[in-house]
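Now for the letters of each chain:
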Amino acid sequence: MKVKKIPMRMCLGCQEMKPKKELIRVVRSPEGDISIDMTGKKAGRGAYICKDINCLEKAIKAKRFEKALEVKISEEIYQKLREELKNEG
């Protein structure tokens, strides 16, 4: 039986490779809209973050989302991510 390959992605906060399922995806759609993609299926450029508030804060401080998604990100999106992490934890 063939072993199924687990897709790995890098967290923008801790810079560690983790299974895609364990991460939250932030996506920039082809129109340039930024949204949180809990399914991991939306079309567009994605950036990943651990379900850990410390990783999120590190990524925000270093502007890693803006570099990864190649667009300026509003504070509103960061607030939504913080809320999402509070709900997870």
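Read on for an overview of the structure. (Residues numbered from 1 in each chain as written. Predicted model: local features only at pLDDT ≥ 70, side-chain atom pairs only at ≥ 80, totals over all residues. Heavy atoms only, no water.)

Assigned secondary structure in the protein consists of 3 helices and 5 strands. Along the protein, helices and strands appear, N-terminal first, in the series β-β-β-β-β-α-α-α. Expected size for 89 residues packed as a compact globule is a radius of gyration near 12 Å; at 13 Å, the protein falls within 12% of this value. Across its three principal directions, the C-alpha atoms of the protein cover 45 × 30 × 25 Å. Each of the 89 residues in the protein was classed as buried or not, and the buried ones make up 35%. (Helix = DSSP H or I, 4+ residues; strand = E, 2+ residues; numbered from the N terminus. Rg over C-alpha atoms; globule rule 2.2 N^0.38 Å. Buried < 20%, exposed > 50% of the residue type's maximum accessible area, 1.4 Å probe, protein only.)

What follows concerns the nonpolar core. Leu-12, Ile-49, Leu-56, Phe-65 and Leu-81 are the most contacted members of the largest nonpolar core, which totals 23 residues. Mapped onto this core, the elements with two or more residues apiece are β3 (23–28), β4 (34–37), β5 (45–50), α1 (53–61), α2 (64–69) and α3 (75–88). What Leu-56 contacts, discounting residues up to four positions off in sequence, is Ile-49, Phe-65, Tyr-78, Leu-81, Arg-82 and Leu-85. (Core = buried A, V, L, I, M, F, W, Y, C linked by side-chain atoms within 4.5 Å. Contact = heavy atoms within 4.5 Å.)

Every buried residue belonging to α1 is among Cys-55, Leu-56, Ala-59 and Ile-60, and all of these are buried. An end-on view of α1 places all buried positions within 135° of arc, on one side of the element. In α1, those exposed residues whose orientation departs by more than 90 degrees from the buried face are Asn-54 and Lys-61. N-cap assignment for α1: the residue whose side-chain oxygen lies 3.0 Å from the backbone N of Asn-54 is Asp-52. Of the residues one or two after α1, Lys-63 is the one with positive phi, at around 55°. (Arc of directions from axis to C-beta. Polar contact = N/O pair within 3.5 Å; in protein donor to acceptor, adjacent residues only side chain to side chain.)

Don't take any of this as a statement about function, it's just geometry.
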